[in-house]
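Read off the chains here:
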Amino acid sequence: MYEKAKYQLEQLQRIMQELALWQATPPEATAFDSVEPFCIDTMNAHEWLQWVFIPRMYAIIESNASLPHKMAIVPYIEEALKEKDTVEIQRLIEPLRAIEEICNTQNDYT
């Protein structure tokens, strides 16, 4: 389960880099203080993926903690990036859907 999730996170990062959505520098420190879901008030969707979601998922995997369940990131990403090229966004969504599936069915693995 962790290996599959880690692989999908790596795919997500690779696709973000290919689509030029990966940033070299993080947002301002205050952007991380948001209490809104997905830091919607302080970060763009791709920033949240890179600077919050991916690092948190790696931390969970590395500590062998329970993966989040009832995860629903894809609808937010689809809405937030709806102005982008549909084919590119679908490439980005594929690993996210896989991660959601892994997380939402984690009890099937135990």
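A short note on the confidence of the model for the protein
Working step 1: Averaged over the protein, the pLDDT score is 90; the fraction of residues at 70 or greater is 96%.
Working step 2: Across the protein, the secondary-structure element scoring lowest on mean pLDDT is helix 4 (residues 86–104), at 91, and the one scoring highest is helix 2 (residues 45–62), at 95.

What about helix 1 (residues 2–18)?
Working step 1: Between its first and last C-alpha atoms helix 1 spans 24 Å; for 17 residues at 1.5 Å apiece the expected length is 24 Å, and the two agree.
Working step 2: By the burial criterion, the buried members of helix 1 are Tyr2, Ala5, Gln8, Leu9, Gln11, Leu12, Ile15 and Met16.
Working step 3: The secondary structure elements touched by the buried residues of helix 1 are helix 2 and helix 4.
Working step 4: Directly beyond the C-terminal end of helix 1, a positive phi value near 60 degrees is found at alanine 20.

Some remarks on the packing of helix 1 against helix 2
Working step 1: Relative orientation of the contacting elements helix 1 and helix 2 amounts to 160 degrees, with a least axis distance of 11 Å. When the axes of helix 1 and helix 2 are compared, the pair comes out roughly antiparallel. In the crossing of helix 1 with helix 2, the sense of the turn from one axis to the other is left-handed. Mapping the contact onto sequence places Tyr2, Ala5, Lys6, Leu9, Glu10, Leu12 and Met16 in helix 1 and His46, Leu49, Gln50, Phe53, Ile54, Met57, Tyr58, Ile60 and Ile61 in helix 2.
Working step 2: Of the residues in the contact of helix 1 with helix 2, the class split is 12 nonpolar, two polar and two charged.

Things to note about the nonpolar core
Where a protein is soluble and globular, its nonpolar side chains tend to be buried together.
Working step 1: Of all hydrophobic cores here, the largest spans 34 residues; its most connected members are Leu49, Phe53, Ile77, Leu92 and Leu96.
Working step 2: Listed by contribution, the elements that provide at least two residues to this core are helix 1, helix 2, helix 3 (74–80) and helix 4.
Working step 3: Residue contributions to this core peak at nine residues, all from helix 2.
Working step 4: Setting aside residues no more than four positions away along its own chain, leucine 96 makes contact with Leu12, Leu49, Phe53, Ile73, Val74 and Ile77.

Calculation criteria
The numbers attached to residues start from 1 for each chain and follow its sequence in the written order. For a predicted model such as this one, the threshold for reporting local features is a pLDDT of at least 70, and the threshold for listing and counting side-chain atom pairs is 80 or more; totals across whole chains, interfaces and linings nevertheless cover every residue. Values shown for side chains rest on all heavy atoms present in the structure; no hydrogens or waters enter the calculation. Each residue carries a pLDDT score, the predictor's confidence in it, ranging from 0 to 100. A helix here means a DSSP run of H or I that spans at least four residues, while a strand means a run of E at least two residues long, and both kinds are numbered starting from the N terminus. By definition here, a helix of n residues has an expected span of 1.5 Å times n minus one. Type-normalised accessible area, obtained with a 1.4 Å probe on protein chains alone, sets the label of each residue: buried when under 20%, exposed when over 50%, and partly exposed for intermediate values. The contact criterion used is simple: two residues touch if any of their non-hydrogen atoms lie within 4.5 Å. Comment: axis = line fitted to C-alpha atoms, over the contacting stretch for helices; angle = value between 0 and 180 degrees taken between N-to-C directions. With respect to orientation, any angle under 35 degrees is reported as roughly parallel, any angle over 145 as roughly antiparallel, any angle of 65 to 115 as roughly perpendicular, and every other angle as oblique. Crossing handedness: left-handed means the near helix sits turned counterclockwise from the far one by under a right angle, and right-handed means the same turn made clockwise. Three categories are distinguished: nonpolar for Ala, Val, Leu, Ile, Met, Phe, Trp, Tyr, Cys and Pro, charged for Asp, Glu, Lys and Arg, and polar for the others, with Gly belonging to the last. The nonpolar core is taken to be a set of buried Ala, Val, Leu, Ile, Met, Phe, Trp, Tyr and Cys residues, with the residues joined through side-chain atoms within 4.5 Å.

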